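Now for the letters of each chain:
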Amino acid sequence: MNDFLFGPDVRPSAEMTVALINTSTARGGEEGLNDTDTLRAMGGEAKVYYRPDGSKAEILAMRKLRDRLDEIVKVPDNRQRFAMLNELFYSASAIPQIVTHAEDPRPHFHYTLEDASYVDHLKGVTAYALSRLIIIGEWQRLRTCSGTACNRLFFDTTRNGKRLYCDSRTCGNRIHAARYRIRTAERSLSEN
């Protein structure tokens, strides 16, 4: 889907949020955030160009942010979600600004000052993405995979917003193959 619905800032920020949340043991089964290279790779894929400092303290702070973001995603009502997101903006000393830079010359928002920590940059980026999804009425596009034994979060950017699986080639195929086996077995029993 193009960025018309989400805007050029929301989609990469939401994708970074999902990638970060999915590093949790609660989502993926094992700790997925162990080093700075992981942060750099996630940022590169989502086109979030801030640079981590590489410290163990930063990794621990990112894990704490990740767990907080997952709590926000799981909260059932928007009032509580608003309070949690506003807390993230506040703790990041969020000061939205329009900027351009070498990695992305298009005008876009930064939510913290240039010298803010990596963790504060990510607090601002992720809080913005989640807030924006609420504001534009597209919160339901953040969902947990419907695949058996899969608890991964995904951001549905399809036109109709009806995607069910984090990855149709793995989780989706497993479900479809299982249903096919059941239908085949039922047909076989009815023929005998």
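It should be emphasised that the depicted structure is a prediction, and the values quoted were computed from it without experimental measurement. (Residues numbered from 1 in each chain as written. Predicted model: local features only at pLDDT ≥ 70, side-chain atom pairs only at ≥ 80, totals over all residues. Heavy atoms only, no water.)

1. A word on the confidence of the model for the protein chain
Thinking step 1. Of all residues in the protein chain, 86% attain a pLDDT of 70 or more, and the chain-wide mean is 86.
Thinking step 2. Considering each helix and strand of the protein chain separately, the mean pLDDT is smallest for helix α7 (residues 168-191), with a value of 62, and largest for helix α4 (residues 56-74), with 96. (pLDDT = per-residue confidence, 0-100. Helix = DSSP H or I, 4+ residues; strand = E, 2+ residues; numbered from the N terminus.)

2. Notes on the nonpolar core
Thinking step 1. Core analysis: the largest hydrophobic core is formed by 39 residues, its most contacted members being M62, L69, I72, L122, L133, W139 and L142.
Thinking step 2. Residue assignment for this core shows that the elements contributing at least two residues are α1 (7-21), α3 (36-46), α4, α5 (78-91), α6 (118-135) and β4 (153-155).
Thinking step 3. Here this core takes ten residues from α6, the largest share from any one element.
Thinking step 4. Setting aside its immediate chain neighbours within four residues, M62 contacts L20, L33, L39, Y118, V119 and L122.
Thinking step 5. Residues C150, F154, Y165 and C171 belong to the second largest nonpolar core, which totals five residues. (Core = buried A, V, L, I, M, F, W, Y, C linked by side-chain atoms within 4.5 Å. Buried < 20%, exposed > 50% of the residue type's maximum accessible area, 1.4 Å probe, protein only. Contact = heavy atoms within 4.5 Å.)

3. Focus: the pairing of strand β1 (residues 97-101)
Thinking step 1. Pairing between β1 and strand β2 (residues 104-110): four bridges, direction antiparallel. Within the sheet, the bridge partner assigned to Q97 lies in β2 and is H110. (Pairing = 2+ DSSP bridges.)

4. Observations regarding the layout of surface pockets
Thinking step 1. Here the largest pocket defines a volume of roughly 490 Å³.
Thinking step 2. Together, 25 residues line the largest pocket, and P12, K47, V48, Y49 and D104 are the ones closest to its centre.
Thinking step 3. Looking at the lining of the largest pocket, the elements with two or more residues in it are α1, α3, β2 and α6.
Thinking step 4. In this structure, the second largest pocket occupies an estimated 300 Å³ of space.
Thinking step 5. Around the second largest pocket, the lining comprises 13 residues; the ones closest to its centre are V18, L153, F154, F155 and R163.
Thinking step 6. Of all the secondary-structure elements, those providing two or more residues to the lining of the second largest pocket are α1 and β4.
Thinking step 7. For the lining of the second largest pocket, a count of residues per class yields six nonpolar, two polar and five charged. (1 Å grid on protein atoms, 1.4 Å probe; cavity = no way out; pocket = protein on both sides within 12 Å on 5 of 7 lines; lining within 4 Å. Points joined across faces, edges and corners; volume = space filled by probe spheres on them. Nonpolar A, V, L, I, M, F, W, Y, C, P; charged D, E, K, R; others polar.)

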